[in-house]
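# Structural description and commentary
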Amino acid sequence: MRGVLKLLAALLFLSVPALATIFGTVRGIVHDPQHRPVADATVKLKAKTSDYAQTMQTDVEGGFHFDAVPLGEYGVTVLQAGFVTQEQAVTVLSGTAPILHFELRLPTQAQSVTVSADSAPAQTESVTPTTLVDRLKIQQTPGATRSNSLAMITDYVPGAYFTHDQLHVRGGHQVSWLIDGVAIPNTNIASNLGPQVDPKDIDAVEMQRGSYAADFGDRTYGIFDVLPRTGFERNNEAELTLGAGNLYQTDDQINFGGHTNRFAYYASANGNRTNLGLQTPTSVVLHDAANGYGGFVSLIYNADSQDQLRFVGQTRRDFYQVPFDPNNPLNSPGMTLRDANRENDSFAAFSWIRTFSPGLVLTVSPFFHYNSADYASDPNDFPSAATQNRSSKYEGGQGTMSWIKGPNNARVGFYSFAQQDDQFFHVVYNDGSGAVAPLSQNPDGSLIAVYAEDQVKVNSWLTLNGGLRQTHFSGAVVENATSPRVGASLRIPKLNWVFRGFYGHFYQAPPLGTLSGPTLNDIQTQQQLDFVPLRGERDEEHQFGVTIPFKGWTLDADNFLTRAKNFFDHNSLNNSNVFFPVDVQGARINGWEVTLRSPRIQNRAQLYLTYSNQLALGFGCVIGGLIGPCAVPPPGFFLLDHDQRNTLHLGGQYTLPWRAYASADVYYASGFSNSNPTIPGDHLQPHTTLDVSLGKEFGERFSLSVQGINVANRRVLLDNSFTFGGTHYLNPREIFVQVRYRFHY
C-alpha cells in the first residue's frame, strides 16, 4: 500500500494535469449584418446569481472564448460602438462548450435586442439528461434547505425517491457526489444518510442520470456535481438562518462571505436536531431523535490571469436514534430498545486551474475524505444484539487535460484513490443459541482509472461523443474493467428539437467487506451464512431521448435500459438493524422519464413536472457479501425492494406582490414492491403528498418562510424492506418556520 501511495503522490504533484468538472467553456462569433466578423467588440460574461464576471475583446475573426466557466446560468453581452448592444442567456453544464452567434444590428434596425434560448445551448451538445438547480430554487422548494433534506434532488429528478432512509435513483443506490468538481469517493453503500453537502452551502447543483462521459465516473444511477457558494454573491455579508418546527426540530446556520477582484471566500457553521430523524417502522414516532452539526469553507484565489486556486472543505457529525415497533413480538419483554447510529464525514479538496491558451486548461486536484458509520444495538436486543463500526479514509486525486479547438472538445485524465478501512463487528445471541468473539480488521484497497473523451461538433446540428475509461481496483478482489461509451445528439434545424442516443459500460468498485475469522465461523455455524468477497458492479446502459423547446417551455423525455451484473444491494443480519452490502447476481432496470419546465409566466410563475415509469428487477442468487444457502437460483426475475412503477412530481414557484412568493410540490407514488407475503399484491398502496412554502422579504435584511411537508398528514406503509427496522411509514406532517437575517460587517 505504501508503494501505491507514493506512486499516487508522484502522479498528483509532478506531472498529471486535471480539470475540475464544475467547469464548461463559453465561446462564440460576433459579426455585422453583412456577416463580416467584428473585431475588438467587448464581450461580457456575467453570472445570473452572483457578481462573477469575465470580460474580453473579440479577435480579428470576431471570436471570443471564455474558459473555466463554473456551471450555472449566465448572460453574455456584446457591446460595440455603432451597433446595438445584444445579450444572450446561456446555461453552462459541466464539460460542455456551447457556441453563441451574435449578429450585431444598426441603431436604425432595433433599439435593443435580448435573446434567450429556448433550451440551454449546452444541452444540445450533451447526451446526458441533466437537471440544474440553483440556490434560489433550493430556498423556495419546501423543506429543501434543511441540512439532511434531499428534496432538491427528489423533487426535480425523475425516478429519484427516498425510501428506507436511502436515496434511490433509477432503482439503484450507487450515486456519486462531486464537490467543486472533485469526486468524493465512498465505496460503502447504504451506510450514510442525507446529502453530502448541506443544501444551504450550495450555489448550484448539476444532477445527471445516466449516459455519463468517461471523465464523470461509473456511478450508474446518479451523479450530483455541486458548485458550492463562493462569496462572489456576497460583499462582506453574513447571514443567520434560524428554523423551528413541530416534532421539536430546529435547523440553524451562520455563514459569511465576500470577495475582491482576486479573492473570494465563504464559510458556515450549522446545527440541527429533531424528534423525527429516520423513517419510522409504525405510524407512531418513537425513539427517533436525531441531531448534527458541521462546518464548511470555500476559498478562491485568482493569482493572475492564467492561474486560479480553489479550496473546499467540510466536516460534519450526525447522530440518529433508531426507531422500533413496540408491538414487535421479538422485543424483549418490558425492555425499551436504545439502538443508535452515528456518522462522521469530512473532506478537503484543492484545485489549481491553469489556462495556457484559449481552449487549453489543466488543473491539479488532490483530495482527502474521511467517513464513518457506527451502529450499536441495545445489549438486550432479542434474538441478537450487534455492534458494527466502520471508518474509511481516502487519499487521492483526479485529473483531466481539456483541449477545445474548432469542432473538438477533448479531455484525457485519471482518477485515483487509496482506501484504508477500520472495521469492528460483534454479535451476541440473546436467545441462548450461543455467543461469538468480536472481530476487528483493517482492510485496504485502491482504485486507478484513466480515461479519454472527445466531443466532436460535426456541424451545427450533429454532435458525436466517444470515450473510454479503464479501471483497476485492488481490494479483497483484484479487478480490471474497460468501459467504452459512445453517443450522439442531432438537432433539427428551425424546430430546435434535439434527439440523443447513448450506449456505454460502467464499473462500480465494491466496498472493502472482508469479514473472516472466528466471528465468521460462528455466524456460519449458527445462521448457515457465509461471507463471499464482493465484486464490482458492471453495468451496460442503453438510452435514447429528445429535448423539445417551445416558446420558452422545455420538454425532455428519455428511455433507458440498464443491465447490471453483481448488482449492489444490502441485507440485514438475523432481523437486526445491522446490514451488510451484498451482490445480487444480476438486475434489469428499464423505464422512461419526462421532465417539463416552463419559462417565467407573466414574469411571476414557473412550473415543473417530473415523471418516471420504471421496472427494477433482479435475478439469480445473492453471490457476494453475507449470503445464505442458494443451491438453486429462483426462476426468472423478482422485484427489487425499491421497485416503484410510477413516480410523479408537479409543482412550481409563484412570485406574489410585496416581495413574497409561494411554492408547492405534489408528489404521487404508485407504491414500492411488497416484501411481506401476508400482504396481498406485489406492490404496497399508492400515496400522494403535498408540500407548500410561503415566504416574504422584509427590506434587504429579513426574510421569513413557512413550510409544510405532507400537509395533509397522509400516513401509509411506505416499504417493508430490511434496513433500520424492516418497515417504514411515510413521515407525518411537518410545519417549519425559517427566518433569515443578513447583515454587513
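Residues numbered from 1 in each chain as written. Predicted model: local features only at pLDDT ≥ 70, side-chain atom pairs only at ≥ 80, totals over all residues. Heavy atoms only, no water.

### Thoughts on the packing of aromatic side chains
- Considering all chains together, one arrives at 20 aromatic pairs under this definition.
- Arranged with centres 5.8 Å apart and planes meeting at 75°, the rings of Tyr-212 and Phe-506 form a pair that is edge-to-face. Within this pair, whereas Tyr-212 is found in the loop between strand E14 (202-208) and strand E15 (223-228), its partner Phe-506 is found in strand E30 (residues 497-508), the two being separated by 294 residues in sequence.
- With a relative accessible area of 2%, Phe-506 lands in the buried category.
- Here a set of aromatic residues connected by ring pairs shows up, and it is made of Phe-367, Tyr-394, Tyr-415 and Phe-417.
- In this arrangement the basic side chain of Lys-696 is found over the ring face of Phe-698, its NZ or CZ atom lying 5.1 Å from the centre. (Phe/Tyr/Trp six-rings, centres within 6.5 Å; stacked < 30°, edge-to-face > 60°. Helix = DSSP H or I, 4+ residues; strand = E, 2+ residues; numbered from the N terminus. Buried < 20%, exposed > 50% of the residue type's maximum accessible area, 1.4 Å probe, protein only. Lys NZ or Arg CZ within 6 Å of the ring centre and 35° of its normal.)

### A closer look at the sheet that holds strand E7 (residues 99-103)
- Taken in spatial order, the three strands line up as E4-E1-E7 in an open sheet, and their pairing is mixed. This sheet does not close on itself; its edge strands, each paired only once, are strand E4 (63-70) and E7. Strand-to-strand twist in this sheet, taken as the mean axis angle between neighbours without regard to direction, amounts to 20°.
- By the bridge criterion, five bridges tie strand E1 (residues 23-31) to E7 in an arrangement that is parallel. (Pairing = 2+ DSSP bridges. Axes fitted to C-alpha atoms, helices over the stretch in contact; angles between N-to-C directions.)

### Overview of a nonpolar patch on the surface
- A cluster of nonpolar side chains, contributed by Leu-240, Leu-242, Ile-254, Phe-698, Phe-702, Leu-704, Val-706, Ile-735, Val-737 and Val-739, occupies part of the molecular surface with about 740 Å² of accessible area.
- Within the residue set of the nonpolar patch, elements represented by two or more residues are strand E16 (237-245), strand E40 (702-709) and strand E43 (734-744).
- Mapped onto the elements, Val-706 comes out in strand E40. (Patch = residues over 30% accessible without salt bridge, like charges linked within 9 Å, V, L, I, M, F, W, Y side chains within 5 Å. Areas by Shrake-Rupley, 256 points an atom, 1.4 Å probe, with all protein chains shown as cover. Salt bridge = Lys/Arg side-chain N within 4 Å of Asp/Glu carboxyl O.)

### Digging into the sheet that holds strand E13 (residues 182-184)
- The strand order E9-E14-E15-E12-E13 describes an open sheet built from five strands, whose pairing is mixed. Unpaired on one side and paired on the other, strand E9 (130-134) and E13 mark the two borders of the sheet. Here the strands of the sheet are splayed against their neighbours by 25° on average, with no regard to which way each runs.
- Pairing of strand E12 (residues 176-179) with E15, which is carried by four bridges, proceeds in the parallel orientation. Opposite Leu-178, over in E15, you have Asp-225 as the bridge partner.

### As for the nonpolar core
- Within the largest apolar cluster, 61 residues are counted, with the highest numbers of intra-cluster contacts made by Ile-153, Trp-177, Val-205, Met-207, Phe-224 and Phe-567.
- Excluding anything up to four places from it in sequence, Val-205 contacts Thr-131, Leu-132, Val-133, Met-152, Phe-224, Asp-225 and Val-226.
- Within the second largest apolar cluster, 22 residues are counted, among which are Tyr-52, Phe-66, Leu-100 and Phe-102. (Core = buried A, V, L, I, M, F, W, Y, C linked by side-chain atoms within 4.5 Å. Contact = heavy atoms within 4.5 Å.)

Note that every value here comes from positions in space, so none of it alone points to a role or purpose.
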